[in-house]
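Observations on the model geometry
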Amino acid sequence: MTVATYAAAQLLRVLPRGRITRVMGRLADARLHPVVADAVVGLYVRAYEVNLGDTVPPEGSFPSFDAFFTRPLRNGARPIQGDAGAFVSPADGKLEDAGPITAGGRLQIKGRDYEVAELVGDPREISRYEGGQFAIVYLSPRDYHRVHAPVAGKITRVRSLPGEYFPVNSIGERHIPSLFSINRRVAIVIDTEAHGRVTVVMVGAIVVGRITVRAIDVRDVPLGDHVIDPPLAVERGDEIGMFHLGSTAVVFAEKGAAPPWRRPQNGGLRILMGEPLGEDGRR
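Residues numbered from 1 in each chain as written. Predicted model: local features only at pLDDT ≥ 70, side-chain atom pairs only at ≥ 80, totals over all residues. Heavy atoms only, no water.

**As for the overall build of the chain**
Helix and strand counts for the chain come out as eight helices and 13 strands. Burial statistics for the chain: of 283 residues in total, 50% are counted as buried. Nonlocal contacts in the chain, meaning residues at least 24 apart in sequence, comprise 77% of its contacts between residues at least 6 apart. Surface exposure of the chain reaches about 12900 Å², of which carbon and sulfur atoms provide 53%. (Helix = DSSP H or I, 4+ residues; strand = E, 2+ residues; numbered from the N terminus. Buried < 20%, exposed > 50% of the residue type's maximum accessible area, 1.4 Å probe, protein only. Contact = heavy atoms within 4.5 Å. Areas by Shrake-Rupley, 256 points an atom, 1.4 Å probe, with all protein chains shown as cover.)

Rendered as structure tokens:
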């Protein structure tokens, strides 16, 4: 830990993170003059080395920064890989960690202890995921920011949980205890015939103004526990949610649902949506 990172962490604690996030969200939604839009997007693309070749180009300029940030992929850009039963990455990003869920629904992310109940928002899920596994994918500023189904099934419930807006980066992970369970998050429950229940948790962060989900047609997911009736059927790779500015997706699977997933070494493993979470297509 350096003096600079320690100072940054202390500054984050006192900043009005919620207010900053709301202001940035409004700015991202604001319609831009084409000249301004081209300049802003151009600077961002160069600064973060964004690849626009995989996306659907707009007619003219992006109307807002949010439209650029949530840009869709062109057809065929992310083929779904592996056998039909393989779990695939829900997003482009860095596979930061993966591992077992132990007795009492406990797990370790980047060396820190967490509980399933805190992350998915329901203590009744502890026994369900005990002995199962998790995988965490961090979406950097350069990445495509839509989230997709890792398996085929039906979305039966969406839990929208209040929380903080700490950054989900190396500073936040190192200095903010229980970072992933105290930040704003949305848990999307997918019930399947082959794998039992799978939950994808979208974790918000500072300047992540909104999280939208396909199962609830509103601008921002309202807080609370939402039963989806009738359930929404999804195939592997179908879009299920969207970050309006950054963050992280965590996948939970029950015991025996899949062989152990890859556990990245040395800071993470680059992964694309649709690539298997396991070491080969059978996983």
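**Some details on unusual backbone geometry**
Residue proline 230 is reached from aspartate 229 by a cis peptide bond, and omega for that bond is 5 degrees. Along the polypeptide, proline 230 turns up in strand β10 (residues 224-234). Look at glutamate 49: it is not a glycine, yet its phi comes out positive at around 55 degrees. Along the chain, glutamate 49 turns up in the loop between α3 (34-48) and α4 (65-69).

**Some remarks on the sheet that holds β10**
Spatial strand order, β10-β6-β7-β8-β12-β4-β1-β13: eight strands in an open sheet with antiparallel pairing. With one partner strand each, in any of the chains shown, β10 and β13 (269-271) form the two edges of the open sheet. Strand-to-strand twist of the sheet, defined as the mean angle between neighbouring strand axes without regard to direction, takes the value 25 degrees. Where strand β1 (residues 93-100) lies against β13, three bridges are found, and the strand directions are antiparallel. Pairing of glycine 93 across the sheet is with isoleucine 271, part of β13. (Pairing = 2+ DSSP bridges. Axes fitted to C-alpha atoms, helices over the stretch in contact; angles between N-to-C directions.)

**Remarks on the environment of proline 259**
As for its position among the elements, proline 259 is in the loop between β12 (247-253) and β13. The spatial distance from the C-alpha of proline 259 to the C-alpha of glutamine 133 is 9.3 Å, given a sequence separation of 126 residues.

**Remarks on the sheet that holds strand β5 (residues 146-148)**
Spatial strand order, β5-β11-β9: three strands in an open sheet with antiparallel pairing. A strand with exactly one partner marks an edge of an open sheet, and here the two such strands are β5 and β9 (210-213). The average angle at which neighbouring strand axes cross in this sheet is 20 degrees, direction not considered. Sheet topology places β5 next to strand β11 (residues 239-244); three bridges connect them, and they run antiparallel. When the bridges of β11 are listed, arginine 146 appears paired with methionine 242.

**Re the pairing of strand β6 (residues 153-161)**
One face of the sheet, then the other: side chains in a regular strand alternate in exactly this way. Within β6, seven of the nine residues are buried, which leaves it mostly tucked inside the rest of the structure. The pairing of β6 with β10 spans seven bridges and is antiparallel. If you follow glycine 153 over to β10, its bridge partner there is valine 234. With seven bridges connecting them, β6 and strand β7 (residues 185-192) associate as antiparallel partners. Opposite leucine 161, over in β7, you have arginine 185 as the bridge partner.

**Overview of the side chain of arginine 78**
Summarising the element assignment, arginine 78 is placed in the loop between α4 and β1. For arginine 78, the side chain forms a polar contact with the side chain of aspartate 54, separated by 2.9 Å. Setting aside its immediate chain neighbours within four residues, arginine 78 contacts Asp54, Leu73, Asp92, Leu272 and Met273. (Polar contact = N/O pair within 3.5 Å; in protein donor to acceptor, adjacent residues only side chain to side chain.)

**Thoughts on the pattern of salt bridges**
In this structure the tally under the stated criterion is 18 salt bridges. Between arginine 128 and glutamate 254 there is a salt bridge, and its shortest N-O distance comes to 3.3 Å. Remark: glutamate 254 occurs in the loop between β12 and β13 and arginine 128 occurs in helix α6 (residues 126-129); sequence separation between them is 126 residues. Residue arginine 128 is classed as partly exposed on the basis of its relative accessible area, which comes to 31%. (Salt bridge = Lys/Arg side-chain N within 4 Å of Asp/Glu carboxyl O.)

**Overview of the packing of aromatic side chains**
Counted under the stated rule, the structure contains nine aromatic pairs. Three or more aromatic residues joined by ring pairs make a cluster, and in this case those are Tyr44, Tyr48, Phe62, Phe65, Phe68 and Phe69. Directly above the ring of phenylalanine 68 sits arginine 71, whose terminal nitrogen or CZ lies 4.7 Å from the centroid. (Phe/Tyr/Trp six-rings, centres within 6.5 Å; stacked < 30°, edge-to-face > 60°. Lys NZ or Arg CZ within 6 Å of the ring centre and 35° of its normal.)

**Observations regarding the nonpolar core**
In terms of nonpolar packing, the biggest core is built from 33 residues, with Phe87, Ile155, Val158, Ile190, Ile240 and Trp261 touching the most fellow members. Beyond its immediate sequence surroundings of up to four residues, isoleucine 240 is in contact with Val147, His148, Ala149, Ile155, Ile188, Ile190, Val200, Val213, Arg214 and Val234. Core analysis: the second largest hydrophobic core is formed by 16 residues, Ile101, Val120, Val201 and Val203 among them. (Core = buried A, V, L, I, M, F, W, Y, C linked by side-chain atoms within 4.5 Å.)

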